[in-house]
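# Descriptive analysis of the structure
Listed here are the chains, written in short residue letters.
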Amino acid sequence: MFTLVPRSLISRSAIAGQKGVLTETLRVLKIDDTQKRTNVTGDVISPSQVMGIDHLRDPRLNKGLAFTLEERQALGIHGLQPARFKSQEEQLELCRISIERYQEDLNKYLYLTELHDRNEKLFFRLLSENIESLMPIVYTPTVGLACQKFGLIYRRPRGLFITINDIGHVFEVLKNWPEPNVRAIVVTDGERILGLGDLGACGMGIPVGKLALYTALAGIKPNECLPIVLDVGTNNQNLLEDPLYVGLRQKRSTGKLYDDFVDEFMQGVVKRYGQNTLIQFEDFGNHNAFRFLDRYREQYCTFNDDIQGTASVAVSGLMASTRLTGKKLADNKFLFLGAGEAAIGIADLTVKALENEGLSLQEARDKIWMVDIDGLLALERPEGGLDGHKKFYAKAHQPIKDFAAIVEEIKPSVLIGASAAAGAFTPTVLKAMASFNERPIVFALSNPTSKAECTAEQAYANTDGRVIFSSGSPFGKIVLGDRTFYPGQGNNAYIFPGVALGVLLAGIHHINEQIFLLASETVAKFVTDEDLAKGSIYPPLSAIKECSMSIACEILEYAYKERIASVYPKPKDMRKYVESHQYNHNYEPSLPQTWPWPNPPYIKTRPMEPTKLKA
Ligand SMILES: O=C([O-])CC(=O)C(=O)O
Ligand SMILES: [Mg+2]
């Protein structure tokens, strides 16, 4: 006869070799695998075997007051909660009221973090059904603040911290992660967190936030997602002196030691979770981001979100903008402020899109001008510094330093800011753009909002409302006279969740540039004439889940056509295939449906009585 036992006992009996009971359960039960648990020997434990208070304390199992009377009694949690029963919908209503009580966004962030730690399904349903209001909290801009205050707000661990001192033992640390089925990792070393610079181990907020979007926007199961910080120290003097700093208190390791550490990490991931584990690099310093992408892209299933994801969303915006300007992409002249990961990534992908329009590689590169900290990328400039991809965009032009003067000289039709230089698109610059373009295109992509090259309001106000504007972090609606604009958010959140979903479900080993161009085209197709009329070259955030789904389906079709898929047989209906693998954020029964209960409930079931909450 099967008996319910506390989790601690399951582990111990399994260690003692009494595994029969557990295996038997597996045959009887059919459980959503996001709810699966393993004990120390790797046996699967069903949710209904996690008994008593442990069941309520496990965020993956906890349903709050939604446990039925039978469930409460059978699981041994009867009496541990008040008598009331609540549906998930009623709980969502309470969450909304609770969030609204907080004035400060950081407090909203803390509320959501606490909900994530307490009740996973409720957290993801809330996020996924309220993208427009909550994405700015779990993601940019508030996540930037959360990283800056990480030492202060740190309560419970989430994600894995692997330090440079673990070198030689990285696999052992990876083994400590309790989930056996990780499919996707977002990893940072914290050196360039958004446009905020080196935040060291405090950068953990970013992988956590990105992976929350994996689940909320693309339905990738939370137990398959692993956020990681590689803590190699920090060069941020304020953090090194901050008593609240929680990372390694030492300068960044560099050179061979650092490279060996990252190599060991990549190998450790494959050893623990397999060759097909997707590894998304996020917010590494510029130099390392490019190096690792070049080094690993043919060896691992990996991409760099700041180079490739940001490029994809920006190019998507450029594609949509052609419907407003009536021009081809090739009819434009592009000027970038910034020549780092995002700018170079966008430039390189724009070149690919221009080549698709029939231009040669050189003709495409000739259309792109760039400005870095030393001014225009000019071949003859005394500062030099034209290394890596920068040299492709350097021009035979006299060196100029002043940005407004460069804009006047080059007269671009597209101005793209990826510089973290807040306010660099001054009224003078914006007015100049409006003077030589009927519809100037201005992207202020730096994150968070405080780092944007200009605000949406400044962009519209200084161009008589003729600008085609987008920004990396969200701006609200803008009213100019009797006109209202709803600028879109050119953020890689439109791209990376769908790309990850498609790559994982097709079993793609290496992610090529074509995949990001495909994602750009897919997002651009989602932009309706109505969106364009409102001033947005991106679909509304409310459509972002549908975008992710379409990106995944397009990638699947492409992967099978190009023979880079490794999951066979090829699914007949891609959409159905994707849906069948997605996370379900709705509550499910906590007890097996077919099982005779050892302890039948002694109180008869009362029906649920939904009540309307007053705000
Ligand atoms: O996180 C974001 O909002 C976009 C991004 O990758 C960055 O700015 O580094
Ligand atoms: Mg990033």
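The present account deals with the structure reproduced in this document.

Definitions and cut-offs
Residues numbered from 1 in each chain as written. Chains lettered and ligands numbered in written order. Predicted model: local features only at pLDDT ≥ 70, side-chain atom pairs only at ≥ 80, totals over all residues. Heavy atoms only, no water. Helix = DSSP H or I, 4+ residues; strand = E, 2+ residues; numbered from the N terminus. Buried < 20%, exposed > 50% of the residue type's maximum accessible area, 1.4 Å probe, protein only. Contact = heavy atoms within 4.5 Å. Areas by Shrake-Rupley, 256 points an atom, 1.4 Å probe, with all protein chains shown as cover. Polar contact = N/O pair within 3.5 Å; in protein donor to acceptor, adjacent residues only side chain to side chain. Donors = N, O, S within 2.8 Å, 3.2 Å for Na, K, Ca; no water. Pairing = 2+ DSSP bridges. Axes fitted to C-alpha atoms, helices over the stretch in contact; angles between N-to-C directions. Near = heavy atom within 4 Å. Core = buried A, V, L, I, M, F, W, Y, C linked by side-chain atoms within 4.5 Å.

### Describing the overall build of the protein chain
Regarding its fold elements, the protein chain presents 27 helices and 16 strands. Sorting the 615 residues of the protein chain into buried and exposed places 58% on the buried side. Considering only contacts within the protein chain whose residues lie at least 6 apart along the sequence, 72% involve residues at least 24 apart. Surface exposure of the protein chain reaches about 25700 Å², of which carbon and sulfur atoms provide 52%.

### A word on the side chain of asparagine 62
Secondary-structure assignment places asparagine 62 in the loop between helix H3 (53-57) and helix H4 (69-74). Looking at asparagine 62, the relative accessible area reads 8%, which means it is buried. In terms of polar contacts, asparagine 62 uses its side chain to reach the backbone carbonyl oxygen of arginine 118, at 3.0 Å. In contact with asparagine 62, not counting residues within four places along its chain, are His55, Leu56, Phe67, Arg118, Asn119 and Tyr587.

### Quick word on the coordination of the magnesium ion (ligand 2)
For the magnesium ion (ligand 2), the full set of protein donor atoms is Glu282 (OE), Asp283 (OD) and Asp306 (OD), at a range of 2.0 to 2.1 Å. Between consecutive donors of the magnesium ion (ligand 2), the numbers of intervening residues give the motif E-D-x22-D. Highlighted residues: aspartate 283 in the loop between strand E6 (278-281) and helix H15 (286-296) and aspartate 306 in helix H16 (residues 305-325), separated in sequence by 23 residues. The same class applies to aspartate 283 and to aspartate 306, which are both buried.

### Overview of the sheet that holds strand E13 (residues 468-471)
Taken together, the seven strands give an open sheet; going across it, the order is E10-E9-E8-E11-E12-E13-E16, and neighbouring strands pair in mixed fashion. Two strands close off the open sheet at either side, each with one partner strand: strand E10 (375-376) and strand E16 (488-489). Where strand E11 (residues 414-417) lies against strand E12 (residues 441-444), four bridges are found, and the strand directions are parallel. Looking across to E12, one finds that glycine 417 is bridged to alanine 444.

### Focus on the sheet that holds strand E5 (residues 225-231)
Spatial ordering of the open sheet is given by E3-E5-E4-E6-E7, a layout of five strands whose pairing is parallel. Strand pairing shows two members of the sheet lacking a second neighbour, strand E3 (160-163) and strand E7 (302-304), which therefore form its edges. Strand-to-strand, the axes of this sheet are offset by a mean angle of 25 degrees, without reference to chain direction. In this structure, E3 lies alongside E5, joined through four bridges in parallel fashion. The partner of leucine 160 across the bridge, within E5, is isoleucine 228.

### Observations concerning the site of ligand 1
Around ligand 1 lies a shell formed by Tyr139, Thr140, Arg192, Leu194, Lys210, Glu282, Asp283, Asp305, Asp306, Asn447, Asn491 and Asn492. For ligand 1, an oxygen atom lies 2.9 Å from a polar atom in the side chain of asparagine 492. Coverage of ligand 1 by the protein chains reaches 93% of its 260 Å² of free accessible surface.

### What about helix H8 (residues 131-138)?
Across the eight residues of H8, six count as buried, placing the element largely inside the fold. Among the residues of H8, those classed as buried are Ile131, Leu134, Met135, Pro136, Ile137 and Val138.

### Side note on the nonpolar core
Core analysis: the biggest nonpolar cluster contains 162 residues, and Ile162, Tyr214, Ile228, Phe265 and Leu278 have the highest contact counts within it. Considering each element in turn, this core owes the most residues, eleven residues, to helix H26 (residues 544-561). Apart from the residues lying within four places of it in its own chain, the contact partners of isoleucine 228 are Leu160, Ile162, Leu174, Ile185, Val186, Val187, Thr188, Met204, Pro207 and Phe265. Ranked by size, the runner-up nonpolar core spans 28 residues in total, among them Leu335, Leu376, Leu430 and Val467.

### Re the pairing of E5
Within E5, seven of the seven residues are buried, which leaves the element mostly enclosed by the surrounding structure. A two-sided burial pattern is seen for E5, the buried positions comprising Cys225, Pro227, Val229 and Asp231 on one face and Leu226, Ile228 and Leu230 on the other. Two strands pair when backbone bridges link them, and strand E4 (residues 184-188) and E5 are joined in this way by five bridges, in the parallel orientation. Across the sheet, alanine 184 pairs through a bridge with cysteine 225, a residue of E5.

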